[in-house]
Amino acid sequence: MEQSDNLKSLTPAELRLLIRSEDPRIRNTTGLANGYQQANVIILPDKLADDFEEFCQKNPVPLPLLYRSKSGQSSCPPLAKCVDIRTDISEYNVYENGKLVKTISNLQSYSSDISMVSFYLGCSFGFEGSLKEAGIPVRNVEQGTNVSMYKTSLFCVGAGVFRCPLVVTMRPIPSALLDAAVNVTHLNPLAHGAPVHIGDPAFLGIQDLSKPDYGECVDLQTGDVTVFWACGVTAIEAILSSKPSLAFSHSPGCMFLSDIQEPSINPPSESTNLTTSEFIPRCFLISHNPLLYSLASQRAVNKIRKMEKIIGEDPGQRGIKALFVEDELLLSCLALSHASSVAITTGFPTHYMYSPPDETDGPPGAIAMASMLLSLGKKVTIITDRRAVNLNRDIINECVKKGILKTTVPLVTFEDCGADSALQFLCHNGDPKYPRFDHLVAIERSGRAADGNYYNMRGINIKHLVDPIDDLFIAAKNIPGIMTTGIGDGGNELGMGKLKDKVKAFMTNGKLIACDVPADYAITAGVSNWGGYALTCGLYLLNSCPSHRRYLTRGLLQPINKEEQFQDWASNLPSVIKEQEFINLGVRSGKTGHLAMEVDGLTFHPTHSDIITRLLKVTHDE
């Protein structure tokens, strides 16, 4: 049953008096004291207090510490006046040796246990009033239920005796209002801030939404998306795991009502200088199956969009701008940032009369992406044609020797050995529930046309030089969890099938050469290497973006040396020098063996070094 309007109009101080008198109308505090911060409360023995404070400091997203009391103190002056924490919560949990032994309406019978410290932690109920003010429905309030809370498979950063899984709350939000919900909650870090996950609950290890670990089930309405915020009930899990001889907490959903007002949800005023608004996160859908959204600050988004325009310049006058689709670079960067295992393929035998027939556009961009992905902790595999194994192995080895790659990368081939070859290649034991990769990237890779052949831009069939790696992209469409990206500069590259209608309409020989195999994201560039470089810079920007990094780690940031980490990422950015070193090791001289590659004229267009310089300027511009 929804809280009565009479209760909703009362101030926190008035509600605390009703709670102290054990008014039966107050079952939980959801929907009450709108506009004021609510707090989780944990009461621990003195000897554990320092460890728990450190635990909060290491995990500020689930455990935003509002106040730590003195030993035996029942008041909390910074948060509210005339408070007695023994009576001013509607329901308490009592724990002995890490087990919940009972739930009671007050702690007066434990008054002799004065050597205890109370911790007040921010609560997501503190932003529900702001959500409502912004026109965003709060389903748990509408349905008169407690919010749903779930234990996840993710563990907080440990401190002392405290180690436990992250607990999250779930609120269904209409998809059209996700950006608004993110912005509103981002402005209130003391109530856990922005969401830590939006989409499929399985990413958090939650298998059944109908069975919350705490609170009650909240029903989704048509068009709703599951949105998860870090939850202060994580502190209860900390009690259960650390097993103190005696401890107390609020009963989940029965919060302490403070007199501290929520921050204003009004957006910051614009100015000519860098404003707070540039750091507000934006929400983007990056996968339908499984459903996954990602967050990045407006500042990072703007920079990646600038880079997308830079690489769209058309030195070969092919008309590539006609294929442009906004935000394909951004969405691919976001998806790759969430990936853990990436397979990259390249190789376009344009110079079919030579041996080897490959050009220099594609491999440098592939190596640049591999280098950055490795530095971000991803597993990287390169897939190549059987005829090009020695060429690509030598390229990888030379790149390691020259420091372009910090470590070698596995090199594999794919052959069509039957109907399920692609499935067996992509998934462990051919089981689509267990994919080996979660993202496939093709850069300047010859793509299969509608007639089953492979064509260069002049319309010459080069099928005899190309292995059926396209089959992997086709199979990936039906495997949940595998995303795909194609990077091209002519429309005949693998992945450009997403744009085939435009290729047929606007590109020379388009009706013949257009790739028929789509990718989830199709990045078009004047030179394909530029697309690889922009994607590399985009990954650096996202992982340097606090909003995205926070979301990527679910708010559980492991302690790192940020300066060293950023320096390592920056050292893996593309550069004119790296590009020249790579090209030099592959230039055709007639005597360079496997490393001999024909230089693509576009690769050495006068704008090439300028493009790299401009991408780096956008990346580093503060």
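Here the structure is a predicted model, which means the values were calculated and not measured. (Residues numbered from 1 in each chain as written. Predicted model: local features only at pLDDT ≥ 70, side-chain atom pairs only at ≥ 80, totals over all residues. Heavy atoms only, no water.)

**With respect to the overall build of the chain**
Moving on, step 1. Within the chain, the regular secondary structure consists of 20 helices and 20 strands.
Moving on, step 2. Taking 25 Å as the expected radius of gyration for a compact globule of 622 residues, we find that the chain reaches 28 Å, a close match to that expectation.
Moving on, step 3. For the chain, the spread of C-alpha atoms along the three principal axes comes to 90 × 55 × 45 Å.
Moving on, step 4. Residues counted as buried form 59% of the 622 residues belonging to the chain.
Moving on, step 5. Of all intrachain contacts in the chain linking residues separated by at least 6 positions in sequence, the fraction that spans at least 24 positions is 76%.
Moving on, step 6. Counting every atom, the chain has about 24400 Å² of accessible surface; 52% of that belongs to carbon and sulfur. (Helix = DSSP H or I, 4+ residues; strand = E, 2+ residues; numbered from the N terminus. Rg over C-alpha atoms; globule rule 2.2 N^0.38 Å. Buried < 20%, exposed > 50% of the residue type's maximum accessible area, 1.4 Å probe, protein only. Contact = heavy atoms within 4.5 Å. Areas by Shrake-Rupley, 256 points an atom, 1.4 Å probe, with all protein chains shown as cover.)

**Some points on the sheet that holds strand β10 (residues 224–230)**
Moving on, step 1. Taken together, five strands build an open sheet; the order of strands is β8-β10-β7-β6-β9 and the sheet is antiparallel. The sheet is open, and its two borders are formed by β8 (197–198) and β9 (214–215), each paired with just one other strand.
Moving on, step 2. Alignment of strand β7 (residues 165–174) against β10, held across seven bridges, turns out to be antiparallel. Residue pairing across strands places Ile173 opposite Val225, the latter belonging to β10. (Pairing = 2+ DSSP bridges.)

**Section: the pairing of strand β5 (residues 116–122)**
Moving on, step 1. Of all seven residues in β5, seven are buried, a share of seventy percent or more.
Moving on, step 2. Residues Met116, Ser118, Tyr120 and Gly122 line one face of β5 and the alternating positions Val117, Phe119 and Leu121 line the opposite face, and both faces are buried.
Moving on, step 3. By the bridge criterion, seven bridges tie strand β1 (residues 36–45) to β5 in an arrangement that is antiparallel. Paired with Val41 across the strands is Tyr120, a residue of β5.

**A look at the domain arrangement of the chain**
Moving on, step 1. When cut into domains, the chain gives domain 1 (13–261) and domain 2 (296–586 + 595–620).
Moving on, step 2. Measuring from the centre of the C-alpha atoms in domain 1 to the corresponding centre in domain 2 gives 44 Å.
Moving on, step 3. Roughly 1000 Å² is buried in total at the junction of domain 1 and domain 2, and carbon and sulfur atoms are behind 56% of that figure.
Moving on, step 4. If you look at where domain 1 meets domain 2, you find zero salt bridges.
Moving on, step 5. For the interface between domain 1 and domain 2, the tally reads five residue pairs in polar contact (both at pLDDT 80 or more). (Domains from an automatic or database assignment. Buried area = accessible area lost by both parts, 1.4 Å probe. Salt bridge = Lys/Arg side-chain N within 4 Å of Asp/Glu carboxyl O. Polar contact = N/O pair within 3.5 Å; in protein donor to acceptor, adjacent residues only side chain to side chain.)

**Some points on the pairing of strand β18 (residues 439–445)**
Moving on, step 1. Here β18 lies mainly inside the structure; seven of its seven residues are buried.
Moving on, step 2. With six bridges connecting them, strand β15 (residues 341–347) and β18 associate as parallel partners. Pairing of Thr346 across the sheet is with Ile443, part of β18.
Moving on, step 3. In terms of strand pairing, β18 meets strand β19 (residues 483–488) through five bridges, oriented parallel. The residue bridging Val441 from the neighbouring strand is Thr485, located in β19.
Moving on, step 4. You can see the chain leave β18, run along helix α13 (residues 470–476) and come back into β19, and the turn it takes is right-handed. (Right-handed = clockwise from strand over helix to strand, strands pointing away.)

**Concerning the pattern of salt bridges**
Moving on, step 1. Per the counting criterion, the structure on display carries 27 salt bridges.
Moving on, step 2. For Arg386, the salt bridge is made with Asp467, and the minimal N-O distance between the two is 3.2 Å. With Arg386 in the loop between β16 (379–384) and α11 (389–401) and Asp467 in the loop between β18 and α13, this residue pair connects regions lying 81 residues apart in the sequence.
Moving on, step 3. Look at Arg386 and you get partly exposed, because its relative accessible area is 45%.
Moving on, step 4. One salt bridge connects Asp610 with Arg614, and the closest N-O pair in it is separated by 3.3 Å.

**Quick notes on the environment of Leu292**
Moving on, step 1. Mapped onto the elements of the fold, Leu292 is located in strand β14 (residues 291–297).
Moving on, step 2. Since its relative accessible area comes to 6%, Leu292 is described here as buried.
Moving on, step 3. Spatially, the C-alpha atoms of Leu292 and Met149 are 20 Å apart, while their sequence positions differ by 143 residues.
Moving on, step 4. With residues up to four places along the chain from it excluded, the contact list for Leu292 reads His197, Ile198, Phe203, Phe284, Leu285, Ile286, Ser287, His338 and Tyr551.

**Observations concerning the state of the cysteines**
Moving on, step 1. Under the counting rule described, the total for this entry stands at zero disulfides.
Moving on, step 2. Of the cysteine sulfurs around Cys123, a residue in no disulfide, the closest is that of Cys231, at 6.8 Å.
Moving on, step 3. Given a relative accessible area of 5%, Cys123 falls into the buried group.
Moving on, step 4. We note that Cys254 lacks a disulfide partner, and the nearest cysteine sulfur, in Cys123, lies 11 Å from it. (Disulfide = S-S within 2.5 Å.)

**So, the packing of helix α10 (residues 363–375) against helix α16 (residues 528–543)**
Moving on, step 1. Remark: α10 packs on α16, axes separated minimally by 7 Å, with the N-to-C direction vectors making an angle of 10°. By the angle between their axes, α10 is roughly parallel relative to α16. Counting all contacts with α10, which are made through Pro363, Pro364, Gly365, Ala368, Met369, Met372 and Leu373, the residues of α16 involved are Asn529, Gly532, Tyr533, Leu535, Thr536, Leu539 and Tyr540.
Moving on, step 2. Across the contact of α10 with α16, the residue classes tally to 10 nonpolar, four polar and no charged. (Axes fitted to C-alpha atoms, helices over the stretch in contact; angles between N-to-C directions. Parallel < 35°, antiparallel > 145°, perpendicular 65-115°, else oblique. Nonpolar A, V, L, I, M, F, W, Y, C, P; charged D, E, K, R; others polar.)

**Some remarks on unusual backbone geometry**
Moving on, step 1. For the peptide bond that leads from Asn289 to Pro290, omega is 0°, which places it in the cis range.
Moving on, step 2. Even without a glycine there, the phi angle at Ala33 is positive, about 50°.
Moving on, step 3. Mapped onto the elements, Ala33 comes out in the loop between α2 (12–20) and β1.
Moving on, step 4. With a phi angle near 45°, Glu444 is a residue other than glycine that sits in the positive phi range.

**Some words on the sheet that holds β18**
What links the strands of a sheet is backbone hydrogen bonding, and the strands pair in either a parallel or an antiparallel sense.
Moving on, step 1. Taken together, the six strands give an open sheet; going across it, the order is β17-β16-β15-β18-β19-β20, and neighbouring strands pair in parallel fashion. Edge strands, defined here as strands with exactly one partner in the open sheet, are β17 (411–413) and β20 (521–524). For this sheet the average axis-to-axis angle between neighbouring strands, irrespective of direction, equals 25°.
Moving on, step 2. The pairing of β19 with β20 spans four bridges and is parallel. Bridge assignment links Ile487 to a residue of β20, and that residue is Ile523.
Moving on, step 3. Lying on the sheet, helix α9 (residues 328–338) is in contact with β15, β18, β19 and β20; it crosses β20 at an angle near 125°.
Moving on, step 4. Contacting β15, β16, β18 and β19, α10 runs over the sheet at an angle of about 170° to β15.

**Some remarks on α11**
A turn of α-helix holds 3.6 residues, and therefore any two residues three or four places apart point the same way.
Moving on, step 1. Between its first and last C-alpha, α11 extends 18 Å over 13 residues, near the 18 Å set by a 1.5 Å rise per residue.
Moving on, step 2. Phi for Gly403, located one or two positions after α11, is positive at around 80°. (Expected span 1.5 Å × (residues − 1).)

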